[in-house]
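Examination of the molecular architecture
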Amino acid sequence: MLRAGKILIVLCAMVLLCPGRWAAAADTLKIGSFLAVTGPASFLGDPELKTLQMYIDKINAQGGIDGIKIDFVHYDTKAKAKEAKNFVNRLIKKDRVDVIIGGSTSGNTIAVMDLVERGRVPLISLAGSVKIVEPVRKWIFKTPHTDRMAAEKIFQDIKSRGITKVALITGNGGFDKSGRAQCLALAPKYGIEIVADEKYGNSDTDMTTQVAKIRATDAQAIINFGFGKAPAIVTKNIRQLGIKLPLYQSHGVASKKYIELAGEAAEGVRLPAAGLIVADLLPDSDPQKRVLLRYKHDYESKFGPVSTFGGHAYDALFMVVNAVRSCGCTDRAKIRDGIENTSGFVGTGGIFNMSPTDHLGLGLDSFRMVEIKNGNWTLVK
Amino acid sequence: MFDQLLQFIISGITVGSVYALVGLGFTIIYNASDVVNFAQGEFVMIGAMSAIFLYGAGIPYPLALAAAVAITVVVGLMLEKFAVEPAKNASVVTTIIITIGASIFLRGAALLVWGKDIYGLPPFTKDVPISIGSATLLPQNIYVMLGTAVAVLLVRYFFDRTMTGKAIMACSCNRRAASLVGINVNRMLLIAYGVSALLGAVAGILVTPITYTSYDAGVMLGLKGFCAAILGGMGNSMGAVAGGLLLGIIESLGAGIISSGYKDAIAFVVILGVLFFRPGGLLGRADSERV
Amino acid sequence: MRRLGGLYILAFLFVITGLMFPDSYYVTVVGVTIFTNAVLAVSLNLLMGYAGQISLGHAAFFGLGAYSSAILTSRYGVNPWLAMLAGLALSGTVSWVLARPILKLKGHYLAMATLGMGIIIHIFFVQADWLTGGPDGLSGIPGITVFGWPVNTDLRWYWVFGVLMLFCIWVSLNIVDSRPGRALAAVHGSEVAAQMTGVDTASVKAQIFVVSALLASVAGSLFAHQQAFVSPESFSFFFSIELVTMVVLGGLASTFGAVFGAVLLSLLPEFLLVFEDFEVLIYGAILMAIMIFLPDGLFVTTSRLITERLRGGEAS
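Right, let's talk about the pattern of salt bridges for a bit. In the structure shown here, the tally under the stated rule is 32 salt bridges over all chains. With a closest N to O distance of 2.3 Å, D154 of chain C and K93 of chain A form a salt bridge. With D154 of chain C in helix α7 (residues 154-177) and K93 of chain A in helix α3 (residues 81-94), the pair connects residues from two separate chains. Between K213 of chain A and E198 of chain A there is a salt bridge whose closest N-O contact spans 3.4 Å. With K213 of chain A in helix α7 (residues 208-215) and E198 of chain A in strand β7 (residues 193-199), the pair connects residues that are 15 residues apart, well separated along the chain. Among the charged side chains, a salt-bridge network with shared partners connects D204 of chain A together with K224, E251, K263 and D264 of chain B.

Here's what the structure looks like:
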């Protein structure tokens, strides 16, 4: 036993003596990120990381933000809350970053909010949940539209079609569950009755059972909140069972991948999404059009089809850049103030107007209702 | 209500067919080498992913499928040769960790080769739903069921009627005795892994047109396949098939009749219930321990 | 002295490290992860290593403790220590009720049953959002105070978890050398033979199952307070598998082996970060390689080798 202990000492000492800290020079801005680059939410984290890296390289190549270079530290959370927590700890304590961008999922963000508040580092989240900015926390901002906005946008559209009975089908992930909660909470306000509330596991391979249950109700429309492959399977299952009801998806599937996977079954599906996926279709008078087309071009010339998720990272990064530019410093508190004072910033998600009581700064009009026709997005007027 | 039930059962059988094939793969390897191969689900993923990429590269569909099966079999053989064979005398838990390590390794390799996107495979024939009463199913569902049935019958034939199959069975009964009567035990183990990988690839190819796949899709299928094998009684190949179908149907009925949110929990409650009353699975014998 | 020697050395090391590197990220943040995993691995090793009963659902008891504390303190303002007791009561009850039917099973069937138990509890954490907050988890869990000393910095958590780990190791070493411990060893060797010599094997196995669940539950309660946040994926089937891996990697039936496995598997991801996309691949390869070449575990094999070398040196 004694020998065992000795070996342990040596090994532990070896481990603990590994140094791992270096100080940032004064004229660099240290941005940290923790994104779900692999794992179940990789379709969020992957374009987000690519966007950040591409623009940071670009900014540095052009001499930085008014001479301030950006130093970028990144960790992959694999969408695990525990990892997110560890990495944010690492970003704050070990890497000592000036500002944090991330996480990709609501769960990852919610997990670190207390930590970030205590560490007094500005954080811009790329996740959907309304819980991130309500109630407002001093150091925490976000760029994507909330799940509540998505639910409202869908209900507005449903109501305009004269539909009052709706079936809900959602997965077991954080995004799905909080979207479902928003739908249930908002339905009465729009005079809509939820007649079915079905669930599935996000790694399930067949949802015909749940869809068959919906078919047996008197629902007039179906809403599916989710992301990844499950919504595509649900879409196919609905058509397979010969259900002709209008199907609404969430902004979680606002990428070409969904259309590719669901194929013909996706025809006629409506969903609320940021302007990015329909950039070409917007009128030239739209103030966002120029920004959207430029980002789309930048991204697609390097990586392939653009998704709205990378756009959220674009918005977050340039909000930080603007804040740094306006104070000419890398001070955490001043960057925070700068982000909070963002006004009239035209991003990919919409036009942001932040305030001490609104750490998102987007209105419902920044969401567009799109419909899939002939394998492509179209704007619903 | 009857129409509903019919739909639930059709869904259950489709999903259950895949569990059955994966469970059968578990059983074959377990019988031949006493190893529970937790990388079994990865065979499914590799089969499907290879097919998708070969087809995407312009190779004719049937040929792409055949090549994908071949690739998966090679992976299975390599798994046996480089991971399982060197650890021949390891304990049960050790081999479990080795196969878990292998499954992580294969997932990591898939991530590097194919990226993290989700992919689909075109259905074998056009997706026109077929109605039975008010229940519907896709032609691909029928291919899944037929494919599973054929695969199970072939495996049955292989182990009951061919010399090689019988030799593998002999290894599973008593390895030393088998080698004494002139069976090349190592070769037989290799064949068992090949057959098992082949079944995984077939399952992946059959089901991907319906379910899509990605580099991490193997984990859940492996787990469900293990459940199928245990439910039927470890080591009993027909038990694994029955276990797989039963598991699919329980999940589907649980989701349809009780609660879709708790359907997996319901399935596990049933499995626990079965084990408490039949500690050797449905078709297994309760072993008597050697003292 | 000889029996507890390793423990004293570990305690010394723990104190020195804490005093020497109070600000180091690796000591305070990673240290807490290591200690948590070590507690879980040591408690699981009691069941797996000494009683020879595999469990693929150990994370569930960790989760029951964590959620009991999280829910009671953040929602109902219960005193953290009372909440911890409530967690212990819950884990104890669940494990006691399940122990006999589950431990009647053997080998792969036992693995399946414990796996199923773990997954059922995990699904409950995910689906019962009215109680557990669902997949987004529960935040706003208050900190704790130990005898008037508020545990409010990473360093203080380092001390708390370190002491818990030492306590856990002490319990483990004592159990192993006690009468029930020897009964356990007998069960591991041959259950039938143990029964013949008058050991109530069912009862011994059940007791150890409960003890190991209780230790995991305490770790869970403290984990909830330390993280100030809990979400289901910390208690998933994958984490259970990781715990089993820690135990086996270090070497079954060795308390310090389990500690070593926990240290290794907690640090490995930190060091593999630099490999980015290759991380998963390398992790898998390392696991396989260790188990293929050192099937008795890294710690047990190396310490045996070193002991033999030293002995050999003395003799010549």
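So, about the interface of chain B and chain C. Facing 45 residues of chain B, the contacting portion of chain C comprises 42 residues. Between chain B and chain C, a total of about 3800 Å² is buried, with carbon and sulfur atoms accounting for 84% of that surface. Considering only the surface of chain B that becomes buried against chain C, I97, L112 and F276 of chain B emerge as the three largest contributors, covering 16% of it. Applying the counting rule to chain B against chain C returns zero salt bridges. Our count for the contact surface shared by chain B and chain C stands at four residue pairs in polar contact (both at pLDDT 80 or more). If you list the elements that add at least two residues to the side of chain B that touches chain C, you get α3 (61-84), α4 (92-114), α9 (218-232) and α11 (263-277) of chain B. For the side of chain B that touches chain C, the class distribution of residues is 35 nonpolar, seven polar and three charged.

Once that is clear, we can look at the nonpolar core. Residues M112, I169, L222 and V230 of chain C are the most contacted members of the largest nonpolar core, which totals 208 residues. In terms of residue count, helix α2 (residues 25-50) of chain C provides more of this core than any other element does, 18 residues in total. For V230 of chain C, the contacting residues outside a window of four places in its chain are A66, Y67, A70, G137, L138, I141, A224 and F235 of chain C. Counting 96 residues, the second-largest nonpolar core is a separate cluster that includes I31, A151, Y190 and Y295 of chain A.

Turning our attention to the confidence of the model for chain A. In the predicted model, chain A carries a mean pLDDT of 89, and 93% of its residues have values of at least 70. Contacts of residues 14-25 of chain A to residues separated by more than four positions or lying in other chains number 12 contacts, the stretch itself having pLDDT below 50.

Analysis parameters
- Residues numbered from 1 in each chain as written.
- Chains lettered and ligands numbered in written order.
- Predicted model: local features only at pLDDT ≥ 70, side-chain atom pairs only at ≥ 80, totals over all residues.
- Heavy atoms only, no water.
- Salt bridge = Lys/Arg side-chain N within 4 Å of Asp/Glu carboxyl O.
- Helix = DSSP H or I, 4+ residues; strand = E, 2+ residues; numbered from the N terminus.
- Contact = heavy atoms within 4.5 Å.
- Buried area = accessible area lost by both parts, 1.4 Å probe.
- Polar contact = N/O pair within 3.5 Å; in protein donor to acceptor, adjacent residues only side chain to side chain.
- Nonpolar A, V, L, I, M, F, W, Y, C, P; charged D, E, K, R; others polar.
- Core = buried A, V, L, I, M, F, W, Y, C linked by side-chain atoms within 4.5 Å.
- Buried < 20%, exposed > 50% of the residue type's maximum accessible area, 1.4 Å probe, protein only.
- pLDDT = per-residue confidence, 0-100.

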